[in-house]
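Below, each chain spelled out in residue letters.
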Amino acid sequence: MTTGFFSLTQRPAGLAAGNDSPALLKRVWGLGRTIIALDAQTGKIRWKHDVGSDLDARYIAVRDSNVFYLAISSHAGALDADNGKVKWKNESKELLDAVSLPGAFGHSSLGSLQPCVLAGKGLLSISGKGRKNLVVISAETGKMIGALPGGRRFNSIFEGGDLYVEGLGKLDSADLHAKQAPKKKDPSQFGWSVSGCGPITASPNVFCGRHGVEWDRIGNLKISDAAYRSGCWQDSFVAHGQLWNTPYTCGCNYLTRGFNILAPLSQPLADSGGLLEKGKSGDSATPPASPLDWPTSGASQERTGASRASVPSEAKIRWSGKFSKDAIMTQSIEVADSIYLAGDDGIVLCLNLKDGKEKWSFPTGGSICQSVTYDNGKIYAGSSDGHAYCIDAGSGELVWRFRGAPAERRIHIYGKLMSAWPCLSGILLKNGVAYAAFGFVDRDGTWVYAIDAKSGALKWKNFESGHIVDKDSRKGATVSGMLTVAGGVLWMASGNKVNPVGYRLEDGKTVLAPYVSADAYDPIPRGSYIGAFSEEMLIHGGTPIHSSQSEWIKDSARGNDWAFCRIANSTPQFPELILTRSQHPPVWNGKYFASECIRKKQRSIECWSIEKTCAYLKENYPTPKAQNHKKKGLSFEGIGMRGDAPLTYPMLLWKSDAQFLYGLAMAENALISLEGEASSKKEQFPGKWKMKAHPLRGQSHLGASSAVGTCLR
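Criteria and thresholds
- Residues numbered from 1 in each chain as written.
- Predicted model: local features only at pLDDT ≥ 70, side-chain atom pairs only at ≥ 80, totals over all residues.
- Heavy atoms only, no water.
- Helix = DSSP H or I, 4+ residues; strand = E, 2+ residues; numbered from the N terminus.
- Buried < 20%, exposed > 50% of the residue type's maximum accessible area, 1.4 Å probe, protein only.
- Contact = heavy atoms within 4.5 Å.
- Areas by Shrake-Rupley, 256 points an atom, 1.4 Å probe, with all protein chains shown as cover.
- Pairing = 2+ DSSP bridges.
- Axes fitted to C-alpha atoms, helices over the stretch in contact; angles between N-to-C directions.
- Phe/Tyr/Trp six-rings, centres within 6.5 Å; stacked < 30°, edge-to-face > 60°.
- Lys NZ or Arg CZ within 6 Å of the ring centre and 35° of its normal.
- Core = buried A, V, L, I, M, F, W, Y, C linked by side-chain atoms within 4.5 Å.
- pLDDT = per-residue confidence, 0-100.
- Salt bridge = Lys/Arg side-chain N within 4 Å of Asp/Glu carboxyl O.

A. The arrangement of the overall build of the protein in detail. When you go through the protein residue by residue, the secondary structure sums to four helices and 55 strands. Considering the protein as a whole, with its 713 residues, one finds that 55% of them fall into the buried category. Considering only contacts within the protein whose residues lie at least 6 apart along the sequence, 52% involve residues at least 24 apart. Accessible area of the protein: about 31000 Å², with a carbon and sulfur share of 52%.

Take a look at the structure:
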């Protein structure tokens, strides 16, 4: 008969000294004073045991028909799992002093799921976050065997009858009876430190922590992977031949969020990327893009968000429509009399600019997350089916399809069936060449291609950058967003290990930044946006491509920071300089730079002089020994970023309050903003919105158009 055990969630009067503070008690879960055994099939109570004092559910373990527990203020005990009778009880002062001694890591963390009592063969291990000691007692008698002082935390695990302790390795009897912690053991025996705050699990071939595999036990290799992380003080675990990672909710910089499930590769990956499928000739008469058009994401290869077109003094809605039932649409582009856009339903649409009626649609085999690009009568789209598409802009017929994924393999990603190597970069066109990048996380490989835009023929490919930082851990550049061009180099928003990363236009050779991030806590901007502020300066940041904007963007989150990164000798220079904090990409032209500015809870739109911005960057761009800046990892904040100081940037021309901003675009004579209007302060995503035109010289609005609708990020 199967039995389940838990502690009754009765709110205790207080907590023992050294445990969580009373101020945090309101958020406590899993505390009680009674252990109950339930029949797992019927739900009926089999027995109950009143512990008599506060009991934390994390201090319970079950092994070999025994239920072990520790009520940290009073005693440790063992119960018969069949009937609940007491087998032994240890109330010694020696034990209680050893388990209660607080460590340097602070309180024992209300959000921690780390099991604090582990039951091995004949032994119990007792430790936890905020506890100085790892205490070992006999599972047979409850007698204390030893206490190893640590000062911070202990992660331990039983495998068979062996006890492994983080940083120390496998402990023998002499270690357990020692009065001081032993020296580090052989690394292959867990003699290394875990990345992040979380417990440890193991299988015959790996040790796992919050970041998945931490140690390859077969190859005796330390693995460092910041692609994902399990929830705070949870762990990765092996089940059904797969490695499972639970979701986390904090703002740390990881490549993916949610459940991450890894499986063994059934066979070595054979590179079969670069396969070309021809369609029709695609020679329909379509006019070339003009300087007044918007032919790609951000209007240009530099992603400036600026157009040469001017806006009128008054505006009104000409037409509106919903073109896909459930799809989240990309930013649209416009050329001549047509609008082109795509969505996560994988469909590319062409609409008539005058009335919004559909001209044609083209389905791809996967979702599309970046805007399509127009060039010489063709539409170029990158799809999550692992292909780049060239479509005739006039007829909507396929010209060619290029498979950038190295193999035909599908995985489930955020509710969609995608290639394991989706095209998440979109397509950048320059001088008759289409550039595209494929991949989901660096560990599975990153594939970057230069393709002849007319024929689809391969010009060069790069598949080394995904593992260029650490081949053993398979770490490097990840396809985390769009592409831009500056200084003869193709630049990519490239994740949380090395960002930005570049590829020489002539041969695709990797241009690697001299700084490699140590871990996901290092706060360099790692969003999905990158643009070329000039031939010598990049700007990048924003929301990571696989994160929800609402969970990532906070008033103080890293996702708000936008960094200027200098290029010298075609190489990014660190440290960077962070001048603005915004939820949305900035926009600029030859005279003006505009961005949202978040200062504490106040949000506004600011317009700067380009001339003075360039002068400020030249004068204040930090060196490794920078002064008068606030250091953040290897990035530095400008003086205007300090939330408790008045804005002192000399390039500021004007600013306008905008509490709910959805995006910016720059015309020749005005800055266009899309702003929400909330009916209450508690409304997070207003359904009512207004489009405004701000004169670039800062006078009152030229005009505004308002409507009620849904604003998609």
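Structure's up, so let's keep going.
B. Broad picture of the sheet that holds strand 36 (residues 458-462). Pairing within the open sheet is antiparallel, and its four strands lie in the order 33-34-35-36. Lying at the two open borders of the sheet, with one neighbouring strand each, are strand 33 (428-430) and strand 36. On average, each strand axis in the sheet is inclined to that of its neighbour by 20°, with strand direction left out of account. Pairing analysis gives six bridges linking strand 34 (residues 433-438) to strand 35 (residues 447-452), with the strands arranged antiparallel.

C. Representation of the packing of aromatic side chains within the structure. As enumerated under the stated definition, the model contains 20 aromatic pairs in all. Look at Phe 438 and Tyr 449: their rings are 5.7 Å apart centre to centre, the planes differ by 80°, and that puts the pair in the edge-to-face class. One end of the pair, Phe 438, is in strand 34; the other, Tyr 449, is in strand 35, and 11 residues separate them in sequence. Given a relative accessible area of 0%, Tyr 449 falls into the buried group. Chaining the aromatic ring pairs together yields one cluster made of Phe 533, Phe 564, Trp 588, Phe 593, Trp 608, Tyr 616 and Tyr 649. Between the NZ or CZ atom of Arg 217 and the centre of the ring of Tyr 164, over which it lies, the distance is 5.9 Å.

D. The nonpolar core, seen in detail. Trp 491, Phe 533, Leu 538, Ile 539, Phe 564, Leu 579 and Phe 593 are the most contacted members of the largest nonpolar core, which totals 28 residues. Counting residues per element, the ones that place at least two in this core are strand 38 (489-492), strand 41 (529-534), strand 42 (537-541), strand 43 (561-568), strand 45 (576-581) and helix 4 (610-620).

E. Summary view of the sheet that holds strand 46 (residues 587-588). Spatially, 46-47-48-51 is the arrangement adopted by the four strands of the open sheet, whose pairing is antiparallel. At either end of the open sheet lies a strand with only one pairing partner, and these are strand 46 and strand 51 (652-657). Across five bridges, the pairing between strand 48 (residues 602-609) and strand 51 is antiparallel. Counterpart to Cys 607 in the pairing with strand 51 is Trp 654. The strands touched by helix 4 within the sheet are strand 46, strand 47 (592-599) and strand 48, with strand 48 carrying the most contacts at an inclination of about 95°.

F. Highlighting the environment of Ala 139. Within the element layout of this structure, Ala 139 appears in the loop between strand 10 (133-138) and strand 11 (144-149). Linking Ala 139 and Lys 121, residues 18 residues apart in sequence, is a C-alpha distance of 7.8 Å. For Ala 139, the contacting residues outside a window of four places in its chain are Phe 68, Trp 88, Gly 122, Leu 123 and Leu 124.

G. The arrangement of the confidence of the model for the protein in detail. The pLDDT averaged across the protein works out to 81; a share of 77% of its residues lies at or above 70. Long-range and interchain partners of residues 1-27, a stretch whose pLDDT sits below 50, account for 69 contacts in this model, where long-range means more than four residues apart. Contacts for the low-pLDDT stretch residues 552-557, under 50 throughout, to residues beyond four places or in other chains number 22 contacts.

H. Focus on the pairing of strand 30 (residues 398-403). Most of strand 30 sits inside the fold, with five of its six residues counted as buried. Pairing of strand 22 (residues 275-278) with strand 30 involves four bridges; the strand directions are antiparallel. Bridged to Glu 277 within strand 30 is Arg 401. Pairing geometry for strand 29 (residues 387-392) and strand 30, over five bridges, is antiparallel. Directly across from Ala 388, in strand 30, lies its bridge partner Phe 402. In textbook terms, the turn of a hairpin is the stretch between consecutive antiparallel strands, and for strand 29 and strand 30 this stretch comprises five residues, one of which, Gly 396, has a positive phi near 80°.

I. Region of the structure containing the pattern of salt bridges. Applying the stated criterion across every chain yields a total of 16 salt bridges. Measuring nitrogen to oxygen at the nearest pair gives 3.5 Å for the salt bridge that ties Asp 64 to Arg 63. Judged by its relative accessible area of 26%, Arg 63 is partly exposed. Close ionic contact of Glu 214 with Lys 222 constitutes a salt bridge, the shortest N to O distance being 3.0 Å. A relative accessible area of 31% means that Lys 222 is categorised as partly exposed. Overlapping salt bridges, with partners in common, bring together Arg 403, Glu 408 and Arg 410 in one network.

J. Spotlight on helix 1 (residues 93-100). Along helix 1, the residues that are buried comprise Leu 95, Leu 96, Ala 98, Val 99 and Ser 100. Next to the buried residues of helix 1 lie strand 5 (66-71), strand 6 (75-80), strand 7 (86-90), strand 9 (123-126), strand 10 and strand 11.

K. View of the pairing of strand 48. Strand 48 sits mainly inside the fold: seven of its eight residues count as buried. Sheet topology places strand 47 next to strand 48; eight bridges connect them, and they run antiparallel. By the bridge assignment for strand 48, Ala 594 is matched with Cys 607.

L. Broad picture of the environment of Glu 611. Note on placement: Glu 611 falls in helix 4. Glu 611 sits in the exposed class, given a relative accessible area of 66%. Taking the C-alpha atoms as reference points, Glu 611 and Met 651, 40 residues apart in sequence, are found 8.0 Å from one another.

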